[in-house]
Amino acid sequence: MNKTVICPGSFDPVTLGHIDVITRASKMFDRVIVGVLVNTAKKPCFSTQERMELLTESVNGLDNVEVVSFDGLLAEYCKKHGIDAVVRGLRAMSDFEYEFQMAITNKRLNPGLETIFLTADSDSMYLSSSMVREVGSMGGDISNFVPECVHDKIVERISKKKQTA
Ligand code: COA
């Protein structure tokens, strides 16, 4: 059966942990949509356009993956676009409560929508976008944390942001 899933997130910026989850999902499902969304609890450092460009470049070569962005509820978008499941990466126990809450809420809003968790690989258990931003803003080496093809763009953006802060 043809299965479409979505990997949603704020991707501020994309990390190797996100790419690990997206790549694995692309091998398991027919079509993978990466959704660059708004998390109202976060004030993004990278604009939506920048986050989409970085992701699009990073997933180049994964033929069944596309990158989109939209405002509004994830559950509604999935209903409207016939998306079968949400795929999220689980890093540690600390992620669980928040992820569980989102999965249940999305299911209440769209009963046909499943959430599938992929355990993060051991290299990205500790990774997060805010950690990348913090290390990068202090001049640290982020090359082990972000896709190589977008490394320079991320470093440049973070240092520009720091200068204007
Ligand atoms: N490897 C490395 N890092 C990972 C990771 C992995 N496998 N999975 C998550 N992370 C990190 C991210 O980098 C991010 O780090 P940060 O907090 O430092 O920014 C953090 O874990 C979680 O972020 P992310 O996966 O981007 O998700 P989010 O929690 O910011 O996004 C949305 C949540 C966007 C999916 C959610 O807010 C949403 O669905 N919004 C749309 C509106 C909606 O429907 N709201 C109701 C939701 S029930």
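Data block above holds the structure.
Here the structure is a predicted model, which is why all the values come from computation and not from measurement.

## Points about the site of the ligand
Next up, step 1: Taken together, the neighbourhood of the ligand is formed by 26 residues, with S10, K42, Y98, S129 and S130 sitting nearest.
Next up, step 2: Here K42 contributes a side-chain N or O atom positioned 2.7 Å from an oxygen atom of the ligand.
Next up, step 3: Within the side chain of S130, a nitrogen or oxygen atom sits 2.3 Å from an oxygen atom of the ligand.
Next up, step 4: Contact with the protein chains hides 87% of the accessible area of the ligand, taken as 940 Å² for the molecule alone.
Next up, step 5: For the shell around the ligand, the leading source of residues is helix α4 (residues 93-109), giving four residues.
Next up, step 6: For the shell around the ligand, the residue count by class is 10 nonpolar, 13 polar and three charged.

## Regarding the sheet that holds strand β3 (residues 65-69)
Next up, step 1: Strand order in the open sheet formed by five strands is β3-β2-β1-β4-β5, with parallel pairing between adjacent strands. Looking along the sheet, the strands with just one partner apiece sit at the ends: β3 and β5 (114-119). On average, each strand axis in the sheet is inclined to that of its neighbour by 30°, with strand direction left out of account.
Next up, step 2: As judged from the two bridges shared by strand β1 (residues 4-9) and strand β4 (residues 85-90), these two strands associate in the parallel manner. Its bridge partner being in β4, I6 is matched across the sheet by V86.
Next up, step 3: Taken strand by strand, helix α2 (residues 48-58) contacts β2 (31-36) and β3, and its axis lies near 180° from that of β3.
Next up, step 4: In this fold α4 packs onto β4 and β5, with an angle of close to 175° to the strand it touches most, β4.

Rules used in this analysis
Residues numbered from 1 in each chain as written. Predicted model: local features only at pLDDT ≥ 70, side-chain atom pairs only at ≥ 80, totals over all residues. Heavy atoms only, no water. Near = heavy atom within 4 Å. Polar contact = N/O pair within 3.5 Å; in protein donor to acceptor, adjacent residues only side chain to side chain. Areas by Shrake-Rupley, 256 points an atom, 1.4 Å probe, with all protein chains shown as cover. Helix = DSSP H or I, 4+ residues; strand = E, 2+ residues; numbered from the N terminus. Nonpolar A, V, L, I, M, F, W, Y, C, P; charged D, E, K, R; others polar. Pairing = 2+ DSSP bridges. Axes fitted to C-alpha atoms, helices over the stretch in contact; angles between N-to-C directions. Contact = heavy atoms within 4.5 Å.

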